[in-house]
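# Analysis of the macromolecular model
Chain residues, written in single-letter form:
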Amino acid sequence: MKKLENKIMLITYADCMGKDFKDLSKVLDKHFSKALGGVHILPFFPSSGDRGFAPMRYDIVDEAFGDWEDVTGLSEKYYLMFDYMLNHISAQSPYYKDFLKNKDNSPYKDLFIRYKDFWENGEPTEAEVDAIYKRKPRAPYVDAKFEDGTTEKVWCTFDEEQIDINCPSETAKKFLVDNLTGMAKRGAAIIRLDAFAYATKKAGTSCFFVEPYVWELLAEVTDVLEPTGVTILPEIHEHYTIPFKIADKGYFVYDFALPMLLLNALYYGQTKYLKDWLLKCPNKQFTTLDTHDGIGVVDVKDLLPDEEIERTKEDIFKFGANVKKIYNTAAYNNLDIYQVNCTYYSALGDNDDAYLLARAVQFFSKGIPQVYYVGLLAGKNDLKLLEETKVGRDINRHYYTLEEVDEEVERPVVKNLLKLMEFRNTSQAFAIDGKFEILVTDDDKLHIVRESEGEKAELIADFKTKKFKVISNGEEIFSN
């Protein structure tokens, strides 16, 4: 099983380049083995909702995708990232079902957050509800309907299929150990802690990233995984100062600010805000331009002035290809005002030069790059799937057949992207703790220098013309 490497990681579902793990393995070996070092396989466990993020259990693979042998086979060729939903488990899980059947006689009675035990009088006050960082316009709960005919409220932050876990309980601690050690044995090099900040709940607080409990929780996970050599990646969409706190404790973090900062730079031919961020962001991070979710807006608060955030967000609908505001509303089951649903290629107007420049900047940034499978193929907005499902995020979740992948990799933009990716994976200049420098240029230009182990790589770019070149050890190896 491969451990974490400083090579580009693909983000993909098990069934989006071909129909299952066997197809995915063939696709990666045939087209992308040099361009990719790792794969983040989005949740592949049996699930009852949210495209895998409402897992029923973690010890088996959804049979539609394959089995553990398929997963461990991939782990011998690529370092793998699995998702662990620290905050919740499926309402259809055997644990929650047992709780509904047996109530106080269930071995899982303490696995869930029961309002009667959490709040002082069994219910939150209006002030306590107001304090919660929530995803619903009311207190976050569902009514648990027990087999004996009684009901009580249990905490539910997200969808009704995602029941929150009572992390401080001994039952939850054992559950955590069993699941994390199981993942470590079955091929995970990294475990991504999805929505982990919601797992920190204390009455009277925001119940989101509550200190010091958040550090105790992360330490608990670290203690379980450290002997296995598995890395953890806490996932959080918030003000950049919060990921900085996590990075200061030595953890890897996500750079979710880069996508909007790059759109701002490419739309308006200005690099000031982008340069500021590239200089101060952490070394130990995973960079993204696109993920299975939308393009994050909240992540650039105070990195872009408010008027620049608003202008950039609005202009995605102006400069982007086939993207409309309605795709980000209740009409398409989307109420997340902090994300815009669009592929990154289409956000840049399906423009090859702008897209390749965006990727070049990502690959020259600090940290380890992640490329979403739609972005790997410079995918356009999938309006057909969007209209079929009426789910806003499906605009960026196209299902590629094996034949489609074979066709897409022949496009010049994809061929050039793969050249850049192969260079990023083979040059020693991009060491995580290596030299990172931005040379002084005009505001519409960018010149990044990376240097380590006697190798030097340079990116020289013009954000007005979208033209750039890559220089390796003094020799130009790529230009568009």
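Here, the structure is the one placed above.
Residues numbered from 1 in each chain as written. Predicted model: local features only at pLDDT ≥ 70, side-chain atom pairs only at ≥ 80, totals over all residues. Heavy atoms only, no water.

### Focus on the overall build of the protein chain
The helix and strand tally for the protein chain stands at 17 helices and 19 strands. Taking 480 residues into account, the globule formula puts the C-alpha radius of gyration at 23 Å, and the protein chain, at 22 Å, falls close to it. Intrachain contacts of the protein chain at a sequence separation of at least 6 include 70% that bridge at least 24 residues. Accessible area of the protein chain: about 18900 Å², with a carbon and sulfur share of 49%. Here the protein chain contributes 61 positive and 81 negative side-chain charges, whose respective centroids are spaced 2 Å apart. (Helix = DSSP H or I, 4+ residues; strand = E, 2+ residues; numbered from the N terminus. Rg over C-alpha atoms; globule rule 2.2 N^0.38 Å. Contact = heavy atoms within 4.5 Å. Areas by Shrake-Rupley, 256 points an atom, 1.4 Å probe, with all protein chains shown as cover. Lys, Arg positive; Asp, Glu negative; His and termini not counted. Charge placed at Lys NZ, Arg CZ, Asp CG, Glu CD.)

### What to know about the pairing of strand E19 (residues 475-479)
Two strands pair when backbone bridges link them, and strand E18 (residues 467-472) and E19 are joined in this way by 4 bridges, in the antiparallel orientation. Each residue of the ladder has a partner; that of valine 470, found in E19, is phenylalanine 478. Linking E18 to E19, which pair antiparallel, is a turn of 2 residues; within it asparagine 473 sits at a positive phi near 50 degrees. (Pairing = 2+ DSSP bridges.)

### Points about the side chain of lysine 466
Along the chain, the position of lysine 466 falls in the loop between strand E17 (455-462) and E18. Summary of buried charges: lysine 466 has no salt-bridge partner, and the nearest side chain of opposite charge, aspartate 462, is 7.0 Å away. Once residues within four sequence positions are removed from consideration, lysine 466 is found in contact with Leu266, Asp353, Ala354, Leu357 and Asn480. (Buried < 20%, exposed > 50% of the residue type's maximum accessible area, 1.4 Å probe, protein only. Salt bridge = Lys/Arg side-chain N within 4 Å of Asp/Glu carboxyl O.)

### Some words on the pattern of salt bridges
Taken as a whole and assessed by the stated rule, the structure comprises 35 salt bridges. Its salt-bridge partner being lysine 30, residue aspartate 406 comes within 3.2 Å of it at the nearest N-O pair. Highlighted residues: aspartate 406 in helix H16 (residues 402-408) and lysine 30 in helix H1 (residues 21-32), separated in sequence by 376 residues. Overall, the relative accessible area of 31% leaves aspartate 406 in the partly exposed class. Lysine 30 gets classed as exposed once you look at its relative accessible area, which sits at 56%. Across the pair lysine 301 and aspartate 306 runs a salt bridge whose closest N-O atoms are separated by 3.0 Å. Lysine 301 gets classed as partly exposed once you look at its relative accessible area, which sits at 34%. Aspartate 306 sits in the partly exposed class, given a relative accessible area of 44%. Put simply, Asp83, Arg192, Asp194 and Glu235 are held in one network by salt bridges that share partners.

### Observations concerning the packing of helix H9 (residues 258-268) against helix H10 (residues 272-280)
Packed helices, taken two at a time, are described by their axes: the angle between them and the distance between them. Packing of H9 against H10 brings their axes to within 8 Å, and their N-to-C directions diverge by 150 degrees. What the angle tells us is that H9 and H10 run roughly antiparallel. As for how H9 packs across H10, the hand of that crossing is left-handed. Seen from H9, the contacting residues are Leu258, Leu261, Leu262, Asn264 and Ala265; seen from H10, they are Tyr273, Leu274, Trp277 and Leu278. In terms of residue class, the contact of H9 with H10 is made up of 8 nonpolar, 1 polar and no charged. (Axes fitted to C-alpha atoms, helices over the stretch in contact; angles between N-to-C directions. Parallel < 35°, antiparallel > 145°, perpendicular 65-115°, else oblique. Left-handed = near helix turned anticlockwise from the far one by under 90°. Nonpolar A, V, L, I, M, F, W, Y, C, P; charged D, E, K, R; others polar.)

### Notes on the sheet that holds strand E16 (residues 445-452)
Strand order in the open sheet formed by 5 strands is E15-E16-E17-E18-E19, and the pairing between neighbours is antiparallel. Looking along the sheet, the strands with just one partner apiece sit at the ends: strand E15 (435-438) and E19. Going across the sheet, the axis of each strand differs from the next one's by a mean of 15 degrees, ignoring polarity. As paired elements, E15 and E16 share 4 bridges and run antiparallel to each other. Residue pairing in the sheet places glutamate 437 in a bridge with valine 449 of E16. The strands touched by helix H13 (residues 352-364) are E15, E16, E17 and E18; relative to E17, the strand with the most contacts, the crossing angle is about 145 degrees.

### A few points about the nonpolar core
Among the nonpolar cores identified, the biggest contains 148 residues, and Met17 and Phe32 are the most heavily contacted of them. Sequence-distant contacts of phenylalanine 32, that is, excluding residues within four places in its chain, are made with Met17, Val27, Leu376, Leu377, Val405, Val409 and Leu418. Grouped together as the second largest cluster of nonpolar side chains are 11 residues, Tyr79, Ala189, Leu233 and Phe286 included. (Core = buried A, V, L, I, M, F, W, Y, C linked by side-chain atoms within 4.5 Å.)

### Here we look at helix H3 (residues 94-102)
Every buried residue of H3 is listed here: Tyr95, Tyr96 and Phe99. Summarising the axial view, the buried residues of H3 lie within an arc of 95 degrees, below the 170-degree limit, and thus occupy one face. In this fold, the buried residues of H3 make contact with strand E4 (88-90), strand E5 (141-145), strand E6 (151-155), strand E7 (162-164) and helix H6 (170-185). Backbone geometry just downstream of H3 places lysine 103 in the positive-phi region, at approximately 45 degrees. (Arc of directions from axis to C-beta.)

### Some remarks on the sheet that holds strand E3 (residues 79-84)
Strand order in the open sheet made by the 8 strands is E9-E8-E3-E2-E1-E14-E11-E10, with parallel pairing throughout. Two strands close off the open sheet at either side, each with one partner strand: strand E9 (231-234) and strand E10 (253-255). Strand-to-strand, the axes of this sheet are offset by a mean angle of 30 degrees, without reference to chain direction. With 3 bridges connecting them, strand E1 (residues 9-12) and strand E14 (residues 368-372) associate as parallel partners. By the bridge assignment, leucine 10 is partnered in E14 with valine 371.

### Regarding the pairing of E5
Bridge count between E5 and E6: 5 bridges; the pairing is antiparallel. Within E6, the position partnered with alanine 144 by the bridge is glutamate 152. Between E5 and E6, which pair antiparallel and follow one another directly, the connecting turn spans 5 residues, one of which, glycine 149, has a positive phi of 95 degrees.

### Points about a negative patch on the surface
On the surface, a cluster of negative charge is contributed by Asp50, Asp143, Asp159 and Glu160. Locating aspartate 143 in the fold gives a position in strand E5. (Patch = residues over 30% accessible without salt bridge, like charges linked within 9 Å, V, L, I, M, F, W, Y side chains within 5 Å.)

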